[in-house]
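A look at the structure
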Amino acid sequence: MPTENIPDQDFENIPTFEEKSSRMKFKKGSLFIFVAIFAILLTGLLATAIFWGFNQQASKKTLPSKPTPTPTLSTSQETLTPSLYATDAAILKIEQDVKNLDQELQGADLKENSLNPPALDWQIEFKE
Amino acid sequence: MKKILPVLLAFIFGFCFLKASLAQEFNFDRALNDYLYNYNLYRQSYNEYITAKESYLKYQTLNSKNEALAKTTQMLKNQDEVVKTYLTALRLKLSATPGLSAEEQNVLFLKLDSEVGWFKQHQNSLLSAATLEDLVDSAKKGAKQYQQTEILTYQTLGAILASKQMGFREKIAEQIKALKEKIGEIRLKGDKNTTTAERWLLEAENRLTRSQEKQFEAQQILAKMKATDYNKIKPYNQAQLNLEESHQYLKEANSYLKEILGELKNAD
């Protein structure tokens, strides 16, 4: 008989509709709490990351970078291995004259703006 | 007699010293101050002339006409004084700037003196002006003459700027000559290779030539100026630009000399 195979059911223990809904509510509640905690943690993490990033940027701005040596053009001014003429009196004199001349050339007034012609009005008339 | 002689000698010496010191004091700076002072006076009198003119045109009274006559005369006198003092300042600046040949300088001096003379005469003629019409005619004469004066002022300014370049060029040429002699001496001794230094020296000389060419271009522009040119400042500005380029070539030439000296001071 097929009825023999029917498992024994504890019909008394079958949860009622109210019990089911209350369990569902409990599950939903715990899920909500879990999601909320996750969201709070995520927000906190994000806030920390953003704040830290800003701080880093600010620190980049405020902290000056270490000074590096300015690259200079080698104009063969430096006497790397001095020749016989490095201390020659004539060469040193020319060098001094050229230096003085350089200063004069740099400071020369090429416009003489104080001597620009005056603005004069020669158009005299007594008519309206 | 013995008492009078030392007093007389002291008086003569004192007079000569005073005269010499007064003559020395009149330099470019003082001439420039004179010009600026007179230009300020002119601007004040010009404003007064405008007010008097407006008053006359509005009221047409004898009193306002008289006032207009007085203020216009004063303004024109001041205008002539401005031109005279300005040309004098230019003359002194020219004489204080080395580089220009004596001949070129004298030609400009003569022209400047002649202009100063013209405006002096014009200023005196204003005293005989009795009517406003006389003053209008006088102003027209001044305007016509000033067209020539303007050319002279721009040419003189150009000469001042050019003479500076000439002065610098002479100095650089002297250094090139001295370096050439030294390099020749080193080459003869044979203890240092001078090929590079000699090649760079040629480059420096080349820069001097280009500087001279630019200066010549500037002088040509100024020489072509005409009294009828409406905008005289334009060619002057162009000439000034050419002179600035000329100066740049001189700077380069001098910088090459520094490099040559560095090369000579270094071992091969």
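So, on to the overall build of chain B. The secondary structure content of chain B amounts to seven helices and zero strands. Put simply, chain B runs from its N terminus to its C terminus through helices and strands in the order α-α-α-α-α-α-α. Here chain B has a C-alpha radius of gyration of 28 Å; the compact-globule value for 268 residues is 18 Å, and the former is much larger. Taking the principal axes of the C-alpha coordinates as reference, chain B spans close to 95 × 70 × 25 Å.

Our focus in this paragraph is the environment of Tyr154 of chain B. All names here are of chain B. Relative to the elements of secondary structure, Tyr154 occurs in helix 5 (residues 132-189). Put simply, Tyr154 and Thr61 are 93 residues apart on the chain and 43 Å apart in space, counted from C-alpha to C-alpha. Excluding its chain neighbours within four sequence positions, the residues that come into contact with Tyr154 are Leu222, Met225, Lys232 and Tyr236.

This paragraph deals with the packing of helix 4 (residues 102-125) of chain B against helix 5 of chain B. Residue and element names in this part refer to chain B. At a closest axis distance of 11 Å, the pairing of helix 4 and helix 5 adopts a crossing angle of 160°. By the criterion of interaxial angle, the relationship of helix 4 to helix 5 is roughly antiparallel. Judged by the sense of rotation from one axis to the other, the crossing of helix 4 with helix 5 is left-handed. Of the residues in helix 5, those in contact with Glu104, Leu108, Lys111, Leu112, Glu115, Trp118, His122 and Ser125 of helix 4 are Ser138, Lys141, Gly142, Gln145, Thr149, Leu152, Thr156 and Ala159. Classifying every residue of the contact of helix 4 with helix 5 by side-chain character gives five nonpolar, seven polar and four charged.

Residue and element names in this part refer to chain B. Considered domain by domain, chain B is made up of domain 1 (26-125) and domain 2 (144-268). Tallying the contact residues gives 14 residues for domain 1 and twelve residues for domain 2. Mapped by element, the contributors of at least two residues to the side of domain 1 that touches domain 2 are helix 3 (62-96) and helix 4. The dominant element in the side of domain 1 that touches domain 2, judged by the number of residues it contributes, is helix 4, at six residues. Of the residues in the side of domain 1 that touches domain 2, the class split is eight nonpolar, two polar and four charged.

A few words now on the interface of chain B and chain A. Between chain B and chain A, the contact holds 54 residues from the first and 35 residues from the second. Its residues assigned to classes, the side of chain B that touches chain A comprises 30 nonpolar, ten polar and 14 charged.

Next up on the list: helix 2 (residues 89-107) of chain A. All names here are of chain A. Counted at 1.5 Å a residue, the expected span for helix 2 with its 19 residues is 27 Å, and the 27 Å between its end C-alpha atoms agrees. All of the buried residues along helix 2 are Ile91, Ile94, Val98 and Leu101. Along the long axis of helix 2, the arc covered by the buried residues comes to 90°, so they all point the same way. Pointing more than 90 degrees away from the buried face of helix 2 are the exposed residues Ala89, Gln96, Asn100, Gln103 and Gly107.

Turning next to helix 2 (residues 28-59) of chain B. Residue and element names in this part refer to chain B. End to end, helix 2 covers 46 Å across 32 residues, agreeing with the expected 46 Å (1.5 Å per residue, within 8%). Of all the positions in helix 2, only Tyr35, Asn38, Tyr42, Tyr49, Ala52, Lys53 and Tyr56 are classed as buried. Where helix 2 terminates, the next one or two residues include Gln60, which has phi positive at roughly 55°.

Next up on the list: the packing of helix 3 of chain B against helix 5 of chain B. Residues and elements named next belong to chain B. Running from N to C, helix 3 and helix 5 cross one another at 15°; their axes reach a closest spacing of 11 Å. One element, helix 3, and the other, helix 5, form an angle in the roughly parallel class. Like other packed secondary-structure pairs, helix 3 and helix 5 cross with a definite hand, here left-handed. Note on element contacts: helix 5 touches helix 3 through Leu132, Leu135, Ser138, Ala139, Thr149, Thr153, Thr156, Ala159 and Ile160, opposite Ala68, Leu69, Thr72, Thr73, Leu76, Val83, Leu90, Lys93 and Leu94. By residue class, the composition of the contact of helix 3 with helix 5 is eleven nonpolar, six polar and one charged.

Right, let's talk about unusual backbone geometry for a bit. Despite not being glycine, Glu112 of chain A shows a phi value in the positive range, around 50°. Owing to 15 C-beta atoms within 10 Å, Glu112 of chain A belongs among the partly exposed residues under this scheme. A positive phi angle, near 55°, is found at Gln60 of chain B, a position not held by glycine. Among the structural elements, Gln60 of chain B can be located in the loop between helix 2 and helix 3.

Turning to the nonpolar core, a few remarks are in order. All names here are of chain B. In terms of nonpolar packing, the biggest core is built from 26 residues, with Val82, Tyr86, Ala162, Ala218 and Ala239 touching the most fellow members. Contributions of two or more residues to this core are made by helix 2, helix 3, helix 5, helix 6 (195-223) and helix 7 (233-265). Sorting elements by how many residues they give to this core places helix 5 first, with eight residues. Both of domain 1 (26-125) and domain 2 (144-268) provide at least three residues apiece to this core. Look past the residues within four positions of Ala239 in its chain and what remains in contact with it is Gly158, Ala218, Ile221 and Leu222. Ranked by size, the runner-up nonpolar core spans 22 residues in total, among them Ile186, Ala204, Ala253 and Leu261.

Reading the values: the criteria
All residue numbers refer to position in the chain's written sequence, counted from 1. Chain A is the first chain written and ligand 1 is the first ligand written, with later ones labelled in order. For this predicted model, a pLDDT threshold of at least 70 governs which residues receive local features, and a threshold of 80 or more governs which side-chain atom pairs are given and counted, while totals over whole chains, interfaces and linings are taken from all residues. Each helix corresponds to a stretch of at least 4 residues labelled H or I by DSSP, and each strand to a stretch of at least 2 residues labelled E; elements are numbered beginning at the N terminus. Here the globule rule reads 2.2 Å times residues to the power 0.38, and the radius of gyration is calculated from C-alpha atoms. Residues are treated as contacting if the C-beta atoms built from their backbones sit within 7 Å of each other. Think of each axis as a best-fit line through the C-alpha atoms, taken over the contacting stretch in the case of a helix, with angles from 0 to 180 degrees between the N-to-C directions. When an angle is under 35 degrees it counts as roughly parallel; over 145 it counts as roughly antiparallel; between 65 and 115 it counts as roughly perpendicular; any other value is oblique. Left-handed describes a crossing whose near helix is turned anticlockwise from the far helix by less than a right angle; the clockwise case is right-handed. Throughout this entry, Asp, Glu, Lys and Arg are counted as charged residues, while Ala, Val, Leu, Ile, Met, Phe, Trp, Tyr, Cys and Pro are counted as nonpolar. The remaining residues, Gly among them, count as polar. Here the limits of each domain have been adopted from an automatic or database domain assignment. One fewer than the residue count of a helix, multiplied by 1.5 Å, yields its expected span. To assign burial, the other C-beta atoms lying within 10 Å of each residue's own C-beta are counted, with C-beta atoms placed from the backbone; 20 or more indicates buried, 12 or fewer indicates exposed, and intermediate counts indicate partly exposed. The arc in question is the one traced by the directions running from the helix axis out to the C-beta atoms. A set of buried residues qualifies as a nonpolar core if it consists of Ala, Val, Leu, Ile, Met, Phe, Trp, Tyr and Cys joined through C-beta atoms within 7 Å.

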